[in-house]
Amino acid sequence: MEPSSGILHQLDISKNKAVYHNAKLLLRIYASAVWHTRDAVDELLCSFSETYQSSDIAALECLVTMDDGSSVKQLENKLRCVAQNKIIIDIVERNMLHVREYPFHGELYYDILNKSYFVKYPYTESEILESLNLSRSTYYRRRKDAITTFGISMWGYMLPNVLREIKSTGETFLRQS
């Protein structure tokens, strides 16, 4: 069965364009979000380690036990921000695994997205063409389908499931006090 009979073509064209656009934006910012989150964690741990001249964990434990409420609140806010970013990163990574399972070219879609957006040094177009043994026209067609499938999976499956999980467990870590 060809992709034209799959879920991609069950949605109307305008919805596909919006999903494609939003998914492409998310994929473009993903790498920098991961970098900034890792950088924020490193900076946070480093600054408190230097201040208290102890290991990362010991510095955080020392800070949490301090009486100065403003320092604890500041740390809490920074940690909450890092945790929220980590949650989003985890959702995107889980979604990629879901895309890989898509029955119509899922492995190919995963490879295209992974090599374009998820590796530390994204492949060039020619490297992707060579590594996946694709013609340029097939690559662009499949790339568009991959991004659209990623978006449909994200907003139609992954996020609704994550929200249900959060609601069912009563988690409140996403809310700020």
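How each quantity is defined
- Residues numbered from 1 in each chain as written.
- Predicted model: local features only at pLDDT ≥ 70, side-chain atom pairs only at ≥ 80, totals over all residues.
- Heavy atoms only, no water.
- Helix = DSSP H or I, 4+ residues; strand = E, 2+ residues; numbered from the N terminus.
- Buried < 20%, exposed > 50% of the residue type's maximum accessible area, 1.4 Å probe, protein only.
- Areas by Shrake-Rupley, 256 points an atom, 1.4 Å probe, with all protein chains shown as cover.
- Phe/Tyr/Trp six-rings, centres within 6.5 Å; stacked < 30°, edge-to-face > 60°.
- Lys NZ or Arg CZ within 6 Å of the ring centre and 35° of its normal.
- Polar contact = N/O pair within 3.5 Å; in protein donor to acceptor, adjacent residues only side chain to side chain.
- Arc of directions from axis to C-beta.
- Core = buried A, V, L, I, M, F, W, Y, C linked by side-chain atoms within 4.5 Å.
- Contact = heavy atoms within 4.5 Å.
- Axes fitted to C-alpha atoms, helices over the stretch in contact; angles between N-to-C directions.
- Parallel < 35°, antiparallel > 145°, perpendicular 65-115°, else oblique.
- Left-handed = near helix turned anticlockwise from the far one by under 90°.

1. A look at the overall build of the protein chain
Item 1. Secondary structure summary: the protein chain contains six helices and zero strands in total.
Item 2. Each helix and strand of the protein chain, placed in order from N terminus to C terminus, yields the pattern α-α-α-α-α-α.
Item 3. The proportion of buried residues among the 177 residues of the protein chain is 36%.
Item 4. For the protein chain, the accessible area works out to roughly 11,200 Å², and carbon and sulfur atoms hold 56% of it.

2. Remarks on the packing of aromatic side chains
Item 1. The final tally for this structure, using the stated rule, is four aromatic pairs.
Item 2. Pairing Tyr102 with Tyr109 gives two aromatic rings, centres 6.1 Å apart and planes at 20°, and the pair type is stacked. Accessibility assignment for this pair places Tyr102 and Tyr109 in one class, buried.
Item 3. Residues Tyr139 and Tyr140 carry aromatic rings whose centres are separated by 5.1 Å and whose planes lie at 65° to one another, so their mutual orientation is edge-to-face.
Item 4. Its relative accessible area of 37% is what places Tyr140 among the partly exposed residues.
Item 5. The residue whose ring lies beneath Arg100 is Tyr110, and the NZ or CZ to ring-centre distance is 3.9 Å.

3. Concerning the side chain of Ser116
Item 1. By secondary structure assignment, the location of Ser116 is in helix H4 (residues 106-118).
Item 2. A polar contact of 2.8 Å, which involves the side chain of Ser116, links it to the backbone oxygen of Ile112.

4. Overview of helix H5 (residues 125-132)
Item 1. Along H5, the residues classified as buried are Ile128, Leu129 and Leu132. Axial view of H5: buried residues confined to an arc of 100°, hence all on one face.
Item 2. One or two steps after H5, the chain reaches Asn133, where phi turns positive at roughly 55°.

5. So, the environment of Ser168
Item 1. Structurally, the position occupied by Ser168 is in helix H6 (residues 136-169).
Item 2. Engagement of the side chain of Ser168 in a polar contact is seen with the backbone oxygen of Glu165, the distance being 3.0 Å.

6. Notes on the nonpolar core
Item 1. Within the largest apolar cluster, 25 residues are counted, with the highest numbers of intra-cluster contacts made by Leu27, Val92, Leu113, Phe118, Ile147, Phe150 and Met154.
Item 2. Elements that contribute at least two residues to this core include exactly helix H1 (13-52), helix H3 (69-100), H4 and H6.
Item 3. Looking at this core element by element, the count peaks at seven residues for H6.
Item 4. The contact partners of Ile147, leaving out residues within four places of it in the chain, are Tyr20, Ala23, Lys24, Leu27, Leu113 and Tyr117.

7. A look at the packing of H4 against H5
Item 1. For the pair H4 and H5, the least separation of the axes is 11 Å and the interaxial angle reads 150°. With respect to H5, the element H4 is oriented roughly antiparallel. At the point where H4 passes H5, the crossing takes the right-handed sense. Residues Leu108, Asp111, Ile112, Lys115 and Ser116 of H4 form the contact with H5, whose participating residues are Ile128, Ser131 and Leu132.

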